[in-house]
Structures are given as C-alpha cells and as structure tokens.
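# Overview (structure and organization)
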Amino acid sequence: MIRDHIVFGVRSHQIREKLINEGSNLTLEKCIDLSRTYALSQTQLRDISGQAQSINAVKKSSAATAAAPFKQFRTQIRKTDGIEHDSTTNQAFAKVKVCSTELNMKIDTGAQVNVLPRSIFRSLGKLGPVLPTQKLLTVYNGHPLKVDGLAITKEQVLSTYSDVFNGIGKLPGEFEIQLHGNVTPVVHPPRRVPIAIRDKLKIELDRMESLGIIKKVTEPTDWVNSLVVVEKPNGSLRLCLDPKDLNNAIKRPHYPNRTIDDILPDLSNATVFSKLDACSGYWSIQLTEKSSYLTTFNSCFARYRFLRLPYGLKNANDAFCAKMEQCLENLPGVRRHC
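Residues numbered from 1 in each chain as written. Predicted model: local features only at pLDDT ≥ 70, side-chain atom pairs only at ≥ 80, totals over all residues. Heavy atoms only, no water.

Glancing now at the overall build of the protein chain. Of the regular secondary structure elements, the protein chain holds 12 helices and 14 strands. Looking at the protein chain as a whole, 25% of its 338 residues qualify as buried. Relative to all contacts within the protein chain whose residues are 6 or more apart in sequence, the contacts with residues 24 or more apart total 61%. When the accessible surface of the protein chain is split by element, carbon and sulfur atoms take 53% of a total near 23300 Å². (Helix = DSSP H or I, 4+ residues; strand = E, 2+ residues; numbered from the N terminus. Buried < 20%, exposed > 50% of the residue type's maximum accessible area, 1.4 Å probe, protein only. Contact = heavy atoms within 4.5 Å. Areas by Shrake-Rupley, 256 points an atom, 1.4 Å probe, with all protein chains shown as cover.)

See below:
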C-alpha cells in the first residue's frame with residue numbers, strides 16, 4: 001500500500017511513531033500536516049536552545065513499537081493461502097516460481113521492484129539478457145543498493161510485444177507481379193481433392209481467410225491457377241499454387257542471392273551467432289490489388305485470391321530476399337542468407 005510505503009519510508013522515528021498512532025485514519029493530507037508540524041517544532045526548539053539537532057537520525061525501535069505496524073498486516077497474512085508469516089521477525093514469505101524454479105521470496109508492501117540476489121540469479125541458469133539500468137534503489141534505512149542490471153525474461157518480451165508474436169506479420173510496402181507483354185491468360189479448372197482431406201482443406205482455407213492471407217473471389221478473373229494440397233507429417237495441410245502458366249508469363253527481377261561463401265568472411269571475428277528463421281515469411285509481403293487477382297486459384301469450395309505473396313511463384317524468393325535486405329541493411333553484425 002502507498003500509505004505503508006510512506007510510513008516506513010520516513011527516516012524520523014518520532015514522525016513515524018506519530019503516523020503509526022493514527023492507524024487506519026491516516027490520510028495523505030494528515031501525513032503531510034504531521035510531518036510539517038513536527039519539522040517546524042524541531043526548528044523552533046533549535047532556535048531556542050541554540051543547539052542543532054538532527055531529525056533524520058535512524059534509531060532502533062523498541063520491540064513494542066516495531067511490532068505495532070504489523071498487527072493488522074499479520075492478521076491479513078494468516079488468512080492468505082500460500083504465504084508464510086514469521087511472528088518472531090514479523091516477516092512474510094511467499095513461494096514464487098521463476099523459470100520453473102520455486103523461490104521463497106520475502107514480501108515487502110513498500111517495495112516497487114522485485115530483487116534477486118546475484119547468487120540466486122546465477123543458480124537459475126540463463127534467464128535472459130541483463131540490461132544496464134540507471135535506476136537507484138535504496139533499502140529500508142536509506143542506504144543505496146548496488147544493482148547489476150535489469151533482467152528481461154521471455155515472458156516479459158512476449159507480453160510487451162504481443163502484437164509481434166500473434167498472427168502473421170506484414171512488412172512495409174507492397175509487391176507487384178510484372179508480366180511479359182502479349183501473354184495469353186490461362187484458366188485452370190479445380191483439381192480433385194481426396195474425400196479424406198476435404199474437411200481439413202476447408203478448415204485451412206477458412207484459417208487463411210481469417211488471417212487475411214486469402215480472400216474469396218466472385219467476379220470473373222483472367223487468370224485462375226491450380227491449387228496444390230500437401231499433407232504435412234503432423235497431419236496439417238500446406239496449400240501452394242501451381243502457377244505453371246503464370247510463371248511463364250512473370251518477369252523475374254533476379255535479385256542477387258548471397259551464399260554462405262559470401263557471408264562467412266564478414267563474420268570471421270564473430271564469437272556469438274544467432275539465427276532467425278522466418279515463419280511463413282512469404283506471407284509477410286503484401287501484394288498489390290492488381291497482382292492479387294493474378295494469383296486467383298480454384299478449389300472444390302470456391303475461388304480465392306492471395307492477398308499476400310504465395311508460395312510457388314518463381315519471383316517469390318527474389319521478392320522475399322529484397323525485403324529482408326531492406327529491413328536488415330545497415331545493422332552491424334547482421335547478414336542475410338535466404
């Protein structure tokens with residue numbers, strides 16, 4: 001509670017005792033008035049006696065006075081499941097799981113951060129990066145606490161950037177499919193799909209439509225491609241275009257693709273390596289509306305068109321590599337290989 005934080009954060013024993021005596025009637029306004037009144041009275045006493053007295057001294061409280069603020073707190077703790085209270089030291093502890101390890105953590109109602117000793121942090125293994133911090137922490141008596149840094153866990157990253165880890169991402173800009181001139185469009189009929197996977201196919205089409213990857217087409221289109229359905233080892237389906245005729249009409253940009261031999265010299269002095277594997281990477285590139293209609297395909301349920309770059313186009317890898325290069329360029333120590 002904020003009230004407890006103010007009361008136990010006051011350095012003056014006399015002011016703290018006055019605030020505690022107010023009990024549940026203590027308000028922020030009354031706390032300020034009592035502190036000001038006591039400070040003024042001490043100033044007047046110093047003027048009268050001519051002796052300077054420090055009002056910030058930390059004194060040892062008697063057992064009766066120290067136990068007073070915990071009376072209400074002790075009663076509340078005993079009613080809470082999973083929390084242990086030590087009546088001899090007036091301290092409360094709770095079991096907290098940190099990276100699947102259960103720790104006995106001390107409860108401090110006035111603390112604004114959670115603190116782990118260095119030895120316990122190391123015993124937990126690698127929790128994540130420890131970032132430098134400019135925050136200054138002080139303990140109960142006002143002495144500064146040396147802080148190694150701020151630990152970032154996987155759960156915090158997923159919570160802070162939840163929009164990045166949900167659904168299919170979208171890179172900036174749009175990609176346009178360019179065709180050779182004087183090309184005759186081709187319309188393919190829908191291919192037969194085994195009855196055993198028809199329900200799965202409908203589920204996958206609905207999923208892709210809900211993610212904004214494909215969209216139903218009802219108007220006539222010049223190009224209609226075939227759909228290839230491949231069953232994965234885990235039982236799910238992968239849907240790809242079979243744009244044989246469309247690929248013959250596409251102008252490929254021939255974007256330079258770097259090989260491992262091209263990348264290794266740039267990483268000769270590197271000691272730590274990380275690999276990012278894009279999930280459904282092609283689908284993160286949005287097509288222009290004109291290009292989207294070129295990817296129209298037939299199914300046994302309806303016709304759809306891709307809103308994102310589909311697998312199967314001969315220029316798909318060029319487009320993806322160009323986008324990756326654009327996103328990662330000028331980043332030190334980062335090299336693209338796709």
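Back to the write-up after that little detour.
Per the stated rule, a full pass over the model turns up 5 aromatic pairs. Through a chain of ring-to-ring contacts, three or more aromatic side chains come together here, namely Tyr 282, Trp 283, Tyr 311 and Phe 320. (Phe/Tyr/Trp six-rings, centres within 6.5 Å; stacked < 30°, edge-to-face > 60°.)

Let us now look at the sheet that holds strand S2 (residues 91–98). Pairing is antiparallel across the open sheet formed by 3 strands, whose spatial order is S1-S2-S3. Since the sheet does not close on itself, it has two edges, and those belong to strand S1 (83–86) and strand S3 (101–106), each with one partner. When the angles between neighbouring strand axes are averaged without regard to direction, this sheet yields 30 degrees. (Pairing = 2+ DSSP bridges. Axes fitted to C-alpha atoms, helices over the stretch in contact; angles between N-to-C directions.)

A separate point is the sheet that holds strand S13 (residues 297–298). As summarised here, the arrangement of the 3 strands in space is S9-S14-S13, forming an open sheet in which the pairing is antiparallel. Because the sheet does not close on itself, it has two edges, and the strands there are strand S9 (214–217) and S13. Pairing of S13 with strand S14 (residues 303–306), which is carried by 2 bridges, proceeds in the antiparallel orientation. Directly across from Phe 297, in S14, lies its bridge partner Tyr 304. Across the face of the sheet, helix H8 (residues 195–210) comes into contact with S9, S13 and S14 while running at roughly 105 degrees to S9.

Counted under the stated rule, the structure contains 6 salt bridges. Between Glu 231 and Lys 200 there is a salt bridge; the shortest N-O distance is 3.2 Å. Here the residue Glu 231 occupies a position in strand S10 (residues 226–231), and Lys 200 occupies one in helix H8, the gap between them amounting to 31 residues. Taking relative accessible area as the criterion, Lys 200 reaches 34% and is therefore assigned partly exposed. The residue Arg 252 makes a salt bridge to Asp 318 at a minimum N-O spacing of 2.7 Å. Within this pair, whereas Arg 252 is found in the loop between helix H9 (244–249) and helix H10 (260–263), its partner Asp 318 is found in helix H12 (residues 316–328), the two being separated by 66 residues in sequence. (Salt bridge = Lys/Arg side-chain N within 4 Å of Asp/Glu carboxyl O.)

Our focus in this paragraph is a nonpolar patch on the surface. On the surface, Val 113, Val 115, Val 139, Leu 145 and Val 147 cluster together into a nonpolar patch covering about 330 Å² of accessible area. Within the fold, Val 139 resides in the loop between strand S5 (137–138) and strand S6 (144–145). (Patch = residues over 30% accessible without salt bridge, like charges linked within 9 Å, V, L, I, M, F, W, Y side chains within 5 Å.)

Attention now goes to the pairing of S3. Taken together, the 6 bridges between S2 and S3 define a ladder with antiparallel strand orientation. Opposite Lys 95, over in S3, you have Asn 104 as the bridge partner. Connecting the antiparallel pair S2 and S3 is a turn made up of 2 residues, with Cys 99 showing a positive phi of about 50 degrees.

Of all hydrophobic cores here, the largest spans 32 residues; its most connected members are Ile 214, Phe 297, Phe 306 and Leu 309. Those elements that provide at least two residues to this core are H8, strand S11 (237–242), H9, S14 and H12. Those residues in contact with Leu 309 that lie beyond four places of it in its chain are Phe 175, Tyr 282, Trp 283, Ile 285, Leu 287, Ala 316 and Ala 319. Ranked by size, the runner-up nonpolar core spans 6 residues in total, among them Val 10, Ile 15, Leu 26 and Cys 31. (Core = buried A, V, L, I, M, F, W, Y, C linked by side-chain atoms within 4.5 Å.)

Further remarks concern H12. Spanning 13 residues, H12 covers 18 Å between terminal C-alpha atoms, matching the ideal 18 Å at 1.5 Å per step. All buried positions along H12 are accounted for by Ala 316, Asp 318, Ala 319, Phe 320, Cys 321, Lys 323 and Met 324. Each element contacted by the buried residues of H12 is listed here: strand S8 (174–175). With its phi angle positive at about 70 degrees, Asn 330 sits one or two positions after the end of H12. (Expected span 1.5 Å × (residues − 1).)

Attention now goes to the confidence of the model for the protein chain. Model confidence for the protein chain is summarised by a mean pLDDT of 79, while 85% of its residues fall at 70 or above. In this model, residues 51–61 is a region of pLDDT below 50 whose contacts with residues beyond four sequence positions or in other chains number 18 contacts. Counting contacts from residues 63–80, a segment whose pLDDT is below 50, to residues more than four positions away or on other chains yields 15 contacts. (pLDDT = per-residue confidence, 0-100.)

Of note, the phi angle at Asn 182 is positive, near 60 degrees, even though the residue is not glycine. Relative to the elements of secondary structure, Asn 182 occurs in the loop between S8 and H8. Judged by its relative accessible area of 84%, Asn 182 is exposed. One non-glycine residue, His 254, adopts positive backbone phi at about 55 degrees.

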